[in-house]
Amino acid sequence: MTDRDRDEAGRARNARPRDGLGRPLPYGADGVERQPEGIERSPEDTIAEAQRLLDAGRPFHAHEVFEDAWKATDGAERELWRGLAQLAVGLTHAARGNGNGAASLLERGADNIEPFREARPHGIDVPGLQAWAREMAGEVKVRIRVEPVAPRLLGTP
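Sequence order as written defines residue numbering, which begins from 1 separately in each chain. Only residues with pLDDT of 70 or above have their local features reported here, since the model is predicted, and side-chain atom pairs are shown and tallied only from 80 upward, although totals for entire chains, interfaces and linings are computed over all residues. Working from all heavy atoms in the structure, the side-chain values ignore hydrogens and water.

The protein appears in an unreviewed UniProt entry as DUF309 domain-containing protein from Amycolatopsis alba DSM 44262.

1. Let's talk about the side chain of H63
Here H63 lies in helix α2 (residues 59-72). Excluding its chain neighbours within four sequence positions, the residues that come into contact with H63 are A85, A88 and V89. Only DSSP runs of H or I reaching four residues or more are called helices, and only runs of E reaching two or more are called strands; each is numbered from the N terminus. By the convention used here, residues are in contact when the closest approach between their heavy atoms is within 4.5 Å.

2. Brief notes about the packing of aromatic side chains
Side-chain rings of Phe, Tyr and Trp, where Trp is taken by its six-membered ring, are said to pair if the distance between their centres is within 6.5 Å; with planes under 30 degrees apart they count as stacked, over 60 as edge-to-face, and otherwise as tilted. Scanning the entire structure with this criterion turns up one aromatic pair. Seen from the ring of Y27, R16 lies directly overhead, with NZ or CZ sitting 5.9 Å from the centre. For a lysine, the NZ atom is tested; for an arginine, the CZ atom; a charge sits over a ring if that atom is within 6 Å of the ring centre and within 35 degrees of the ring normal.

3. Let's talk about the packing of helix α4 (residues 99-112) against helix α5 (residues 126-142)
Two numbers describe how α4 lies on α5: the axes approach to 8 Å, and their chain directions differ by 160 degrees. Classed by the angle they form, the pair α4 and α5 counts as roughly antiparallel. As for how α4 packs across α5, the hand of that crossing is left-handed. Where α4 approaches α5, its residues G99, A102, A103, L106, E107, A110 and D111 are matched on the opposing element by Q130, W132, A133, R134, M136, A137, V140 and K141. Of the residues assigned to the contact of α4 with α5, the class counts are nine nonpolar, two polar and four charged. In this analysis, axes come from line fits to C-alpha atoms, helices being fitted only over the stretch in contact, and the angle between any two N-to-C directions falls in the range 0 to 180 degrees. Comment on the angle field: the value is read as roughly parallel under 35 degrees, roughly antiparallel over 145, roughly perpendicular from 65 to 115, and oblique elsewhere. Handedness of a crossing follows from how the near helix is turned relative to the far one, being left-handed for an anticlockwise turn of less than a right angle and right-handed for a clockwise one. Three categories are distinguished: nonpolar for Ala, Val, Leu, Ile, Met, Phe, Trp, Tyr, Cys and Pro, charged for Asp, Glu, Lys and Arg, and polar for the others, with Gly belonging to the last.

4. Description of the nonpolar core
What is meant by a nonpolar core is a set of buried Ala, Val, Leu, Ile, Met, Phe, Trp, Tyr and Cys residues, joined one to another through side-chain atoms within 4.5 Å. Relative accessibility thresholds used throughout: buried, under 20% of the residue-type maximum; exposed, over 50%; partly exposed, between the two (1.4 Å probe, protein chains only). Membership of the largest hydrophobic core comes to 31 residues, with the highest contact counts inside it found for F66, W81, L84, L87, L106 and I124. Broken down by secondary-structure element, the contributors of at least two residues to this core are α1 (43-55), α2, α3 (78-96), α4 and α5. Among the elements that take part in this core, α3 stands out by supplying eight residues, more than any other. Setting aside chain neighbours within four positions, we find W81 in contact with P43, T46, I47, F66, A69, W70, T73, H122 and I124.

What follows is the structure, given as structure tokens:
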């Protein structure tokens, strides 16, 4: 049995390089730099960073940004960030060609942000994201391969 990769704090980490969609590459391959974990950002900074990553075709990394916000939040918005993370990882699965996984995550994410539909916290276009997610979920269910389109978190620019 081999020793696991560990970070400076001794937590298990996989040091294998990853591609832009978070898939493992062989050791020694040139991968995409990972998103740093555990960064505390304001909601506005979280949204801006996630949108930048989505626009760059890196939904896996955007999911990690939303996951940081989700894990750092104990309040009422915890499910908002979890739902946004699910939307980003659903987009990741769509880009990887995993239609069933993508559809499931997109639908779950759309459902989880439903309570925020009217309030639209931090200017997030919840109705627009839900429509995007449900349309994308429907598309990945019937087509083998789709070209996923990144959503606009704050609506049309």
